[in-house]
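# Overview (structure and organization)
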Amino acid sequence: MASSAQEKLVEGLTLLLQGFSESEDKLEGENNSESDEEFSMAIVAEILTALESVVESEDYTPEYIASVISAITEALEELDPDVFQAEDSSEEKDDDEDDDDDEDDDESSDEDEAVDLDD
C-alpha cells in the first residue's frame, strides 16, 4: 500500500525530529561539561555528517535541501508567527549588551583622558 505525499512528510518530519532528539541525548550523555556553544557546534557537526551522507548517497543537492528547509521555516512561521521571535530577541539583547559594554569602555577611556589632562 503506497503512502500519500502528506503521510510521507509526516513520517519524514517525525523521523527527523526523533533523530535530532537522539543526537542531542547522545551528545549530552557524552560530555555534560560542554558549553552551550560547544554543544551547538556538536549538533551542527552531526547534522553536517547526515547532510553529506544524503547528498552523496541520494539524488538531492544542497540547494534542494535548502529549499525544503526554507519551506519548513515558512510553515513554522505560519503555524506560530513568534516561533523565531525568542531567538531573535535574545540575539538582539546580546548585541545590545555588547553595545553597552562598548559604551562603558568608551566612557572609561574618556575619563582616563580627562584625568591625564588634569595632571
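Coordinates for the structure precede this section.
Below, the structure is looked at part by part. (Residues numbered from 1 in each chain as written. Predicted model: local features only at pLDDT ≥ 70, side-chain atom pairs only at ≥ 80, totals over all residues. Heavy atoms only, no water.)

Under the counting rule described, the total for this entry stands at one salt bridge. A salt bridge links Lys26 to Glu46; the nearest nitrogen and oxygen atoms lie 3.1 Å apart. You can see Lys26 sitting in helix α1 (residues 5–30) and its partner Glu46 sitting in helix α2 (residues 36–57), a full 20 residues away along the chain. A relative accessible area of 28% means that Glu46 is categorised as partly exposed. (Salt bridge = Lys/Arg side-chain N within 4 Å of Asp/Glu carboxyl O. Helix = DSSP H or I, 4+ residues; strand = E, 2+ residues; numbered from the N terminus. Buried < 20%, exposed > 50% of the residue type's maximum accessible area, 1.4 Å probe, protein only.)

Our focus in this paragraph is the packing of aromatic side chains. Applying the stated rule across the entire model yields one aromatic pair. Ring plane angle 15 degrees and centroid distance 5.6 Å describe the contact between Tyr60 and Tyr64, whose orientation is recorded as stacked. (Phe/Tyr/Trp six-rings, centres within 6.5 Å; stacked < 30°, edge-to-face > 60°.)

Time to look at the environment of Glu28. Along the chain, Glu28 turns up in helix α1. Distance in space between the C-alpha atoms of Glu28 and Ala42 is 10.0 Å, their sequence separation being 14 residues.

Bringing the side chain of Ser23 into the picture now. Summarising the element assignment, Ser23 is placed in helix α1. Leave out the neighbours within four places in its chain, and Ser23 touches Ile43 and Glu46. (Contact = heavy atoms within 4.5 Å.)

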